[in-house]
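Read off the chains here:
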Amino acid sequence: MHMRTKEKPYNTLNNYYQLRYGQKVFKIALNGDFTCPNKDGSKGTGGCIYCSESGSGDFAGNKTFSLNDQFQNIKQMMQKKWKNGLYIAYFQANTNTYKDVETLRTLFEEALSLEPKIIGLSIATRCDALDDAKYDLLEELSKKTHLQIELGLQSIHQETALWMNRGHDLQCFTDAVNELRKRNIDVVVHIINGFPNETPNMMLETSNFLNNLDIQGIKIHMLHVMKKTALGHLYAKEPFNLLTLDEYRDIVVKQITHLKEDIIIHRLTGDSPTDQLIAPLWTKKKFIVMNEIDKYMRANKLHQAIYYNQKE
Ligand code: SF4
């Protein structure tokens, strides 16, 4: 079953929430003061090459505030624009299952109890920060609330994983997806386009690979070169080619048209604080990027899954 509207040639998250809850749902990024096993030495050091100090959570709440204060601050800002709506507590920064299971339980239960309008939890993590006790906890939570686990993959290609210092392989990712699905937990996967060693076809291979797994959502990002990251330093020393907006659009359109009909597209481009961004500068114009993709798909009568199961 597809959930496309007339406005969009692919399944958007907004539309999914509208159908499921009959109103707008906002994700509120909370900071649970997590670290990352790929930074603290337990799995690796230095982190992924593009990772910023905040651990890819540049818009998360301030970790020195309580969860409730973080939530209320963001909610108040949102309510200036949208009076009504439901909320999802979103643990985004760093690796949000990287604490012991009892601490996780307390934190996630607290987040869910902040207000009745919080109808779900979204937890971003890595496949190597999950174990049986954590899967059990997540399964338990998923029975009480709408739980989404966001898993980073970025690329299926091992050479890229090594280049970006990802610190886990594809098997670890696939095992985590399968375990989560066995427990009926929704999985949203992050991928990145534009790694300098990758061809457009390799990027398509990554998104096509996900068609073979039972995932519910995808976030597609462009590789951002940010200040104060290993990638930023590398780029300053030896600038490499980054995709242009047109190239990015073409790749994303290919990915969407090959993507399974029922996967929900949570994002087509990433966000990063503009004062930290080095390149590519076109990513600052998020709405233009999305418009370009939509316009191109409409003009060419394309939609999600039209080429599903075709390799090229
Ligand atoms: S897994 Fe996430 S938080 Fe950890 S180093 Fe990579 S991008 Fe940063």
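Residues numbered from 1 in each chain as written. Predicted model: local features only at pLDDT ≥ 70, side-chain atom pairs only at ≥ 80, totals over all residues. Heavy atoms only, no water.

S.K.: Quick rundown of helix α2 (residues 67–81)? Include the residues and the values.
M.R.: Because an α-helix completes one turn every 3.6 residues, residues spaced three or four positions apart along the sequence face the same direction. With 15 residues, α2 extends 22 Å from end C-alpha to end C-alpha; this agrees with the ideal 21 Å at 1.5 Å per step. Taken together, the buried positions of α2 are occupied by Leu67, Gln70, Phe71, Ile74 and Lys75. Down the axis of α2, the buried side of the element spans an arc of 120°, and every buried residue falls inside it. Those residues of α2 that are exposed and angled more than 90 degrees off the buried face are Gln76, Met77 and Lys80. Along its buried surface, α2 packs onto β1 (25–30), β2 (86–91), α3 (101–113) and β3 (118–125). (Helix = DSSP H or I, 4+ residues; strand = E, 2+ residues; numbered from the N terminus. Expected span 1.5 Å × (residues − 1). Buried < 20%, exposed > 50% of the residue type's maximum accessible area, 1.4 Å probe, protein only. Arc of directions from axis to C-beta. Contact = heavy atoms within 4.5 Å.)

S.K.: So what's going on with the side chain of Asp186? Which residues, and what values?
M.R.: Within the secondary structure, Asp186 sits in strand β5 (residues 186–193). Buried and without a salt bridge, Asp186 has Arg181 as its closest oppositely charged side chain, separated by 4.1 Å. Not counting chain neighbours up to four residues away, the residues in contact with Asp186 comprise Tyr16, His146, Leu147, Gln148, Ile149, Arg181 and Gln216. (Lys, Arg positive; Asp, Glu negative; His and termini not counted. Salt bridge = Lys/Arg side-chain N within 4 Å of Asp/Glu carboxyl O.)

S.K.: Any chance you could break down the packing of α3 against helix α4 (residues 132–144) for me, citing the residues and the numbers?
M.R.: Between α3 and α4, the least distance of the axes is 10 Å, while the angle of their chain directions is 15°. Classified by the angle between their axes, α3 and α4 sit roughly parallel to one another. Where α3 crosses over α4, the handedness of that crossing is right-handed. Counting all contacts with α3, which are made through Val101, Leu104, Arg105, Phe108, Glu109 and Leu112, the residues of α4 involved are Ala133, Lys134, Leu137, Glu140, Leu141 and Lys144. Split into classes, the residues belonging to the contact of α3 with α4 amount to seven nonpolar, no polar and five charged. (Axes fitted to C-alpha atoms, helices over the stretch in contact; angles between N-to-C directions. Parallel < 35°, antiparallel > 145°, perpendicular 65-115°, else oblique. Left-handed = near helix turned anticlockwise from the far one by under 90°. Nonpolar A, V, L, I, M, F, W, Y, C, P; charged D, E, K, R; others polar.)

S.K.: So what's going on with the pattern of salt bridges? Which residues, and what values?
M.R.: Per the counting criterion, the structure on display carries 18 salt bridges. For Asp294, the salt bridge is made with Lys8, and the minimal N-O distance between the two is 2.5 Å. Taken as a pair, Asp294 in helix α10 (residues 286–299) and Lys8 in the segment before α1 (13–21) lie far apart in primary sequence, 286 residues in all. Classification of Lys8 by relative accessible area gives partly exposed; the value is 24%. The salt bridge involving Arg249 is made with Asp250; its shortest N-O contact spans 3.0 Å. Look at Arg249 and you get buried, because its relative accessible area is 14%. Judged by its relative accessible area of 37%, Asp250 falls in the partly exposed class. Through salt bridges with shared partners, a single network forms among Asp136, Glu139, Lys143, Glu179, Lys182 and Arg183.

S.K.: Explain the packing of helix α9 (residues 245–258) against α10 to me, and be specific about the residues and the numbers.
M.R.: In the contact formed by α9 and α10, the axes pass within 10 Å of each other and the chain directions differ by 55°. Judged by the angle between their axes, α9 and α10 are oblique. With respect to the hand of their crossing, α9 and α10 are arranged in right-handed fashion. Facing Leu245, Tyr248, Arg249, Asp250, Val252, Val253, Ile256 and Thr257 of α9, the residues of α10 in contact are Ile288, Val289, Glu292, Ile293, Tyr296 and Met297.

S.K.: Account for the sheet that holds β2, naming residues and giving values.
M.R.: As summarised here, the arrangement of the seven strands in space is β1-β2-β3-β4-β5-β6-β8, forming an open sheet in which the pairing is parallel. The strands lining the two open edges of the sheet, one partner per strand, are β1 and β8 (264–267). Going from strand to strand, the sheet's axes swing by 25° on average, the running direction of each strand aside. Note that β3 and strand β4 (residues 146–154) share six bridges and pair parallel. Bridge pairing in β4 places Ala124 opposite Glu150. Relative to the sheet, helix α6 (residues 170–182) contacts β4 and β5, its axis offset from that of β4 by approximately 165°. (Pairing = 2+ DSSP bridges.)

Geometric descriptors of this kind do not, in isolation, establish any biological role.
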